[in-house]
Amino acid sequence: MWGSPDKATMKAMMREMDYITLVADGQRGIPKECPCGARIVHEISKIEGDLGNRYFTCSAYKNDRFHWRIPWFHGVEEEFDKLREEIEEQKDKQCQKLSDLEAQVKRMSEELKKHRGMLEKLKDLVDHVVKTIFDGW
Ligand SMILES: [Zn+2]
C-alpha cells in the first residue's frame, strides 16, 4: 500500500522539483556551467537523425532532467538577445548620463554668466572709486 510520504521525503521531493525547475528555466544564453556544477562542452551530435547538430552539453550529462543539453542555436540566439538587452540598457544609462551632464553644463554656464555680470559691476565700482579718488587731486 502507498502511504502519504513523510516530511523528509516531501522535503527531498520539493528540492528535486526546485532543481528540475532550475534546470528547465534557469538557463538563458550560452551556459558556462551546468546546475550540477560540471562544465559545459560543445557537443556535435553523432546520433543518427540528429547527426551534426550542435549542443551546449553538461560534461556529466545524463538524460535525467538534471543536466543541461541545450541546442547550440537556442543558446546562441538567447545570448544575442541577452547582449542586445545589455547594450540597450547601457545605451539608456549613457543617454541619462549625457542628459545629466548637459543639465550640469547649462547650470554652470548660467552661474558663469551671473559671475561675469558681478565682475562687470565690480570693475565699474573700482573704476568709479579710482576716478573719485584721483579726480579730487
Ligand atoms: Zn550537469
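What counts and what doesn't
Starting from 1, residues in each chain are numbered consecutively following that chain's sequence as written. The predicted nature of this model means local features are confined to residues of pLDDT at least 70 and side-chain atom pairs, given and counted, to a pLDDT of 80 or more, with totals for whole chains, interfaces and linings taken over all residues. The helix and strand labels rest on DSSP assignments: H or I over at least four residues marks a helix, E over at least two residues marks a strand, and numbering proceeds from the N terminus. In this treatment the radius of gyration is a C-alpha quantity, and the globule benchmark scales as 2.2 Å times the residue count to the 0.38 power. Contact definition: two residues whose C-beta atoms, as placed from backbone geometry, lie within 7 Å. UniProt positions are given in the numbering used here, feature names are shortened, and annotations may be inferred rather than shown by experiment. Think of a nonpolar core as buried Ala, Val, Leu, Ile, Met, Phe, Trp, Tyr and Cys residues chained together by C-beta atoms that fall within 7 Å. Exposure classes come from backbone-placed C-beta atoms, where a residue is buried if 20 or more other C-beta atoms lie within 10 Å of its own, exposed if 12 or fewer do, and partly exposed in between. Strand pairing follows a simple DSSP-based rule, namely that at least 2 bridges must link the two strands. The axes used here are C-alpha line fits, helices contributing only the stretch in contact, and every angle between their N-to-C directions lies in the interval 0 to 180 degrees. The span you would expect from a helix comes to 1.5 Å times its residue count less one.

Turning our attention to the overall build of the chain. Scanning the chain from terminus to terminus reveals two helices and three strands. When the helices and strands of the chain are listed from N to C terminus, the series reads α-β-β-β-α. Against the globule reference of 14 Å for 137 residues, the chain gives a C-alpha radius of gyration of 35 Å, more extended than a compact globule. Along the first, second and third principal axes, the C-alpha atoms of the chain reach 120 × 45 × 20 Å. Considering only residue pairs separated by 6 or more positions, the chain has 37% of its internal contacts joining residues 24 or more positions apart.

Moving on to the UniProt feature "coiled-coil region" (unreviewed entry) in the chain. Per the UniProt annotation, the sites labelled "coiled-coil region" (unreviewed entry) are residues 73–125. With 100% helix and 0% strand, residues 73–125 has end C-alpha atoms that lie 77 Å from one another.

Ranked by size, the top nonpolar core spans seven residues in total: Cys34, Ile40, Tyr55, Phe56, Cys58, Trp68 and Ile70. The element contributing the most residues to this core is strand β2 (residues 54–58), with three residues. Dropping the residues within four chain positions of it, Ile40 is found in contact with Pro31, Lys32, Glu33, Cys34, Phe56, Thr57, Cys58 and Trp68.

Across the sheet, which stays open at both edges, the three strands sit in the order β1-β2-β3 with antiparallel pairing between neighbours. The sheet is open, and its two borders are formed by β1 (40–44) and β3 (69–71), each paired with just one other strand. Each neighbouring strand pair of the sheet contributes to a mean axis angle of 25°, computed without reference to strand direction. In terms of strand pairing, β1 meets β2 through five bridges, oriented antiparallel.

Another point: helix α1 (residues 7–25). If you check α1, its first and last C-alpha atoms are 26 Å apart, about what 19 residues at 1.5 Å a residue would give, namely 27 Å. Summarising burial for α1: zero of the 19 residues are buried, a small minority.

Although it is not a glycine, Arg65 sits at a positive phi angle of roughly 70°. Structurally, Arg65 can be placed in the loop between β2 and β3.

What follows is about helix α2 (residues 72–135). Compared with the 94 Å implied by 1.5 Å per residue over 64 residues, the 92 Å span of α2 between its first and last C-alpha is a close match. Summarising burial for α2: one of the 64 residues are buried, a small minority.

By secondary structure assignment, the location of Leu101 is in helix α2. On the basis of neighbour count, Leu101 is assigned to the exposed category, with 10 C-beta atoms found within 10 Å. For the pair formed by Leu101 and Asp127, sequence separation is 26 residues and the distance between their alpha carbons is 38 Å.

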